[in-house]
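Understanding the architecture of this molecule
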Amino acid sequence: MNYAEIKEYDIANGPGVRLSLFVSGCTHRCEGCFNEITWDFNYGAPFTKDTEDEILSLLKDVSYRGLTLLGGEPMEPGNQRALLPFLRRYKKVFPDKDLWCFTGYLMDRDLLEWIPADPDAIAHADEQRLPLHTVAIPETLELLRLIDVLVDGEYMASKKDITLLYKGSSNQRTIDVQKSLAAGRIVQWDPSGVSMSKTAHL
Ligand code: SF4
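I will try to describe carefully the structure that is included in this document. Position labels on residues start from 1 in each chain and follow its written sequence. With the structure being a predicted model, the display of local features is reserved for residues of pLDDT at least 70 and the display and counting of side-chain atom pairs for 80 or more, all residues being used for whole-chain, interface and lining totals. Excluded from the side-chain calculations are hydrogens and water; all other atoms, namely the structure's heavy atoms, are used.

1. Thoughts on the packing of aromatic side chains
We apply this condition: Two rings belonging to Phe, Tyr or Trp (six-membered ring only in the last case) form a pair when the distance between their centres is within 6.5 Å. Interplanar angles under 30 degrees mark stacking, angles over 60 mark edge-to-face geometry, and anything in between is tilted. Accessibility here uses a 1.4 Å probe with only protein chains present; expressed as a share of the type maximum, an area under 20% marks a residue as buried, one over 50% as exposed, and anything in between as partly exposed. A helix here means a DSSP run of H or I that spans at least four residues, while a strand means a run of E at least two residues long, and both kinds are numbered starting from the N terminus.
Within this structure, the stated rule accounts for seven aromatic pairs. When the centroid spacing of 6.0 Å and the interplanar angle of 50° are considered together, the rings of Tyr90 and Phe94 count as tilted. With respect to class, Tyr90 is no different from Phe94; both count as buried. Geometrically, the ring pair formed by Tyr166 and Trp189 is tilted, given 6.5 Å between the ring centres and 50° between the ring planes. Taken as a pair, Tyr166 in the loop between β8 (149–152) and β9 (173–176) and Trp189 in the segment after α6 (177–183) lie far apart in primary sequence, 23 residues in all. Among the residues examined, Tyr166 registers a relative accessible area of 1% and is labelled buried. Connected via pairs of aromatic rings, a cluster forms that spans Tyr3, Phe47 and Phe86.

What follows is the structure, given as structure tokens:
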């Protein structure tokens with residue numbers, strides 16, 4: 001995987017002060033994309049162990065509330081495989097910092113599928129045990145278990161709304177990933193109680 005930029009002290013892509021990693025490569029090609037140069041998987045520099053070490057070192061600054069992944073497309077299969085080992089390290093070193101990820105894919109259509117093969121089974125299932133099926137690649141479920149908030153959906157210029165918090169168009173969703181995985185359905189992130197500036201992502 002290549003990456004395009006490491007942005008320090010970012011206040012536009014999630015709550016609080018964040019370190020943002022813009023990865024390279026995106027196949028969505030949204031009209032009006034904010035970062036078209038990152039569509040090319042070869043753009044930027046290789047994401048190496050040194051890059052990981054640099055990011056983890058920068059994040060020692062207590063000002064950082066967390067890490068944000070965007071791009072490009074962090075959830076392209078090759079990028080998922082490259083990011084997973086790094087994100088395991090990040091969560092281990094900084095268990096109190098959060099992880100946000102922006103993706104053009106839909107969590108419940110492109111990344112995961114909850115299998116309601118038998119509606120009765122769902123009705124009687126322990127919520128924690130709802131069957132999960134990875135529809136992307138085997139790494140996807142573990143990756144999602146590390147992500148706190150996923151802003152999903154392609155940017156749609158026709159639905160652009162600059163008043164939205166951390167997203168560019170009204171079709172996009174801000175998802176509480178862990179609550180969603182536990183509930184077996186999409187649960188929107190609740191921003192109440194978080195002090196933050198209001199800035200659009202796209
Ligand atoms: S998903 Fe994001 S990076 Fe990719 S084309 Fe759409 S807006 Fe651009």
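2. A few points about the sheet that holds strand β5 (residues 98–102)
Which entries qualify depends on this criterion: A strand pair is defined by DSSP finding two or more bridges across the two strands. Only heavy atoms matter for contacts: two residues are in contact if any of them lie within 4.5 Å across the pair. Under this scheme, a helix contributes an axis fitted over its contacting stretch, all axes are lines through C-alpha atoms, and angles between N-to-C directions fall in the 0 to 180 degree range.
Read across the open sheet, the seven strands follow the order β3-β1-β2-β4-β5-β8-β9; overall the sheet is mixed. Among the strands making up the open sheet, the edge pair consists of β3 (45–46) and β9. Bridge count between β5 and β8: three bridges; the pairing is parallel. Opposite Trp100, over in β8, you have Val149 as the bridge partner. Those strands touched by helix α2 (residues 77–93) are β2 (17–23), β4 (64–70) and β5, and its axis lies near 170° from that of β4.

3. Considering the packing of α2 against helix α5 (residues 139–146)
Note the following rule: Two helices crossing with the near one rotated counterclockwise from the far one by less than a right angle form a left-handed crossing, whereas a clockwise rotation gives a right-handed crossing. Each residue is assigned to one of three groups, with Ala, Val, Leu, Ile, Met, Phe, Trp, Tyr, Cys and Pro labelled nonpolar, Asp, Glu, Lys and Arg labelled charged, and all others, Gly among them, labelled polar.
Between α2 and α5, whose axes approach to 10 Å, the crossing angle comes to 35°. Where α2 crosses over α5, the handedness of that crossing is left-handed. Counted together, Gln80, Arg81, Leu84, Leu87, Arg88 and Lys91 of α2 and Glu139, Thr140, Glu142, Leu143 and Leu146 of α5 form the full contact between these two elements. A per-class count over the contact of α2 with α5 returns four nonpolar, two polar and five charged.

4. Quick word on the side chain of Ser180
Short version of the rule: N or O atoms within 3.5 Å of each other form a polar contact, as long as, within protein, one can give a hydrogen and the other can take it, and as long as residues adjacent in sequence are counted only when both atoms are side-chain atoms.
Among the structural elements, Ser180 can be located in helix α6. Within the structure, the side chain of Ser180 is placed 2.8 Å from the backbone nitrogen of Val187, a separation counted as a polar contact.

5. Looking at the nonpolar core
Put simply, the rule reads: For the purposes of this section, nonpolar cores are sets of buried Ala, Val, Leu, Ile, Met, Phe, Trp, Tyr and Cys residues that join through side-chain atoms within 4.5 Å.
Membership of the largest hydrophobic core comes to 35 residues, with the highest contact counts inside it found for Leu21, Ile55, Leu67, Leu87 and Leu144. Among the elements that line this core, the one with the most residues is α2, at five residues. Excluding its chain neighbours within four sequence positions, the residues that come into contact with Ile55 are Ile6, Leu19, Leu21, Phe47, Leu67 and Phe86. In terms of nonpolar packing, the next biggest core, distinct from the first, is built from nine residues, Leu70, Trp100, Val149 and Tyr166 among them.

6. Some details on the site of the ligand
So the rule is basically this: Any residue with a non-hydrogen atom lying within 4 Å of a molecule or strand is treated as near it.
Taken together, nine residues lie near the ligand, and Cys26, Arg29, Cys30, Cys33 and Trp39 sit nearest. Counted by class, the shell around the ligand contains six nonpolar, two polar and one charged residues.

7. What to know about unusual backbone geometry
Here the amide bond leading from Gly71 into Gly72 is cis, since omega sits at 10°, within 30 degrees of zero. Summarising the element assignment, Gly72 is placed in the loop between β4 and α2. Phi at Tyr9 takes a positive value of approximately 50°, unusual for a residue other than glycine. Along the chain, Tyr9 falls in strand β1 (residues 2–10). Using a relative accessible area of 43% as the deciding quantity, one classes Tyr9 as partly exposed. Residues other than glycine seldom take positive phi values, yet Arg29 does so here, at roughly 55°.

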